[in-house]
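Residues per chain, in single letters:
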Amino acid sequence: LVVINVLILIINSQKNLKASKNIENAAVISLERMVREIRNAKSIDLLNSNLNTDPGTVTGVLQLNTTDADGNPKTFNFFASSMVLSMKEDGVYVGPITPANVFLTSLIFRQINSGNTQAVKIDLTFQSGQGSNQKIVPFYATAIIRSTY
């Protein structure tokens, strides 16, 4: 009986760690990509973005105006699709940024505008695991658009 309880405890701990690792990997990958594109952007496309949405929703959309290496106009669009963080480049669907084993349960973009300087605050929440091993973790990041300071 003691051995069975120890095995159950070990299995639950392993599932807990796996859910935490999945969420951490999703957060690192997604925030790194979004922060990099925000920093390199020229401006926020306010008409095609959905900023300051309600907490707990996945309706946030961020579209960034930028240029390629040759100076040609280019856009990046970050949005939620079926509880997965996804991206478009120049209007073409690139694909998901987050892995399939992690669900995006909240996505909010907020514009910070202080005179000439513009920034974007990202609030997102990921979920992974099932039952008592389910993890839900919020993440936050802020990036300043380099061309505005």
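Residues numbered from 1 in each chain as written. Predicted model: local features only at pLDDT ≥ 70, side-chain atom pairs only at ≥ 80, totals over all residues. Heavy atoms only, no water.

As for its placement among the helices and strands, Ser49 is situated in the loop between strand 1 (43-44) and strand 2 (61-67). In this structure the side chain of Ser49 is engaged in a polar contact, spanning 2.7 Å, whose partner is the backbone oxygen of Asp45. At 2.8 Å, the side chain of Ser49 forms a polar contact with the backbone nitrogen of Gln63. Leave out the neighbours within four places in its chain, and Ser49 touches Ile44, Val61, Leu62 and Gln63. (Helix = DSSP H or I, 4+ residues; strand = E, 2+ residues; numbered from the N terminus. Polar contact = N/O pair within 3.5 Å; in protein donor to acceptor, adjacent residues only side chain to side chain. Contact = heavy atoms within 4.5 Å.)

In this section: the pairing of strand 7 (residues 117-128). Burial runs high along strand 7: 10 of the 12 residues are buried. Turn length for the strand 6 (residues 103-114)-strand 7 hairpin, with the two strands adjacent in sequence and antiparallel, is 2 residues, and the turn residue Gly115 shows positive phi of about 75°. Pairing of strand 7 with strand 8 (residues 135-144), which is carried by 10 bridges, proceeds in the antiparallel orientation. Within strand 8, the residue paired with Ile122 across the bridge is Ala141. (Buried < 20%, exposed > 50% of the residue type's maximum accessible area, 1.4 Å probe, protein only. Pairing = 2+ DSSP bridges.)

A few words now on the pattern of salt bridges. Under the defined criterion, the tally for this structure stands at 6 salt bridges. With its nearest N and O atoms 3.0 Å apart, the salt bridge here joins Glu32 to Arg36. Placement of the pair is Glu32 and Arg36 together in helix 1 (residues 2-40), with a separation of 4 residues, close to one helical turn. Judged by its relative accessible area of 42%, Glu32 is partly exposed. (Salt bridge = Lys/Arg side-chain N within 4 Å of Asp/Glu carboxyl O.)

Attention now goes to the sheet that holds strand 2. The sheet built from 5 strands is open, its strands ordered 1-2-3-4-5 with antiparallel pairing. This sheet does not close on itself; its edge strands, each paired only once, are strand 1 and strand 5 (92-96). Pairing between strand 2 and strand 3 (residues 73-81): 7 bridges, direction antiparallel. Across the sheet, residue Leu62 finds its bridge partner in strand 3, namely Phe78. Its contacts with the sheet place helix 1 against strand 2, strand 3 and strand 4 (84-89), and it is angled at close to 150° to strand 3. (Axes fitted to C-alpha atoms, helices over the stretch in contact; angles between N-to-C directions.)

Moving on: the sheet that holds strand 6. The sheet built from 3 strands is open, its strands ordered 6-7-8 with antiparallel pairing. Strand pairing shows two members of the sheet lacking a second neighbour, strand 6 and strand 8, which therefore form its edges. Geometrically, the sheet is characterised by an average inter-axis angle of 15° between neighbouring strands, direction not taken into account.

A separate point is the nonpolar core. Of all hydrophobic cores here, the largest spans 28 residues; its most connected members are Phe109 and Ile122. Mapped onto this core, the elements with two or more residues apiece are helix 1, strand 2, strand 3, strand 4, strand 6, strand 7 and strand 8. Broken down by element, the residue count for this core peaks at 7 residues, all from helix 1. With near-sequence residues (within four places) excluded, Ile122 lies in contact with Leu31, Met34, Val35, Ile38, Ile108, Phe109, Phe139, Tyr140 and Ala141. (Core = buried A, V, L, I, M, F, W, Y, C linked by side-chain atoms within 4.5 Å.)

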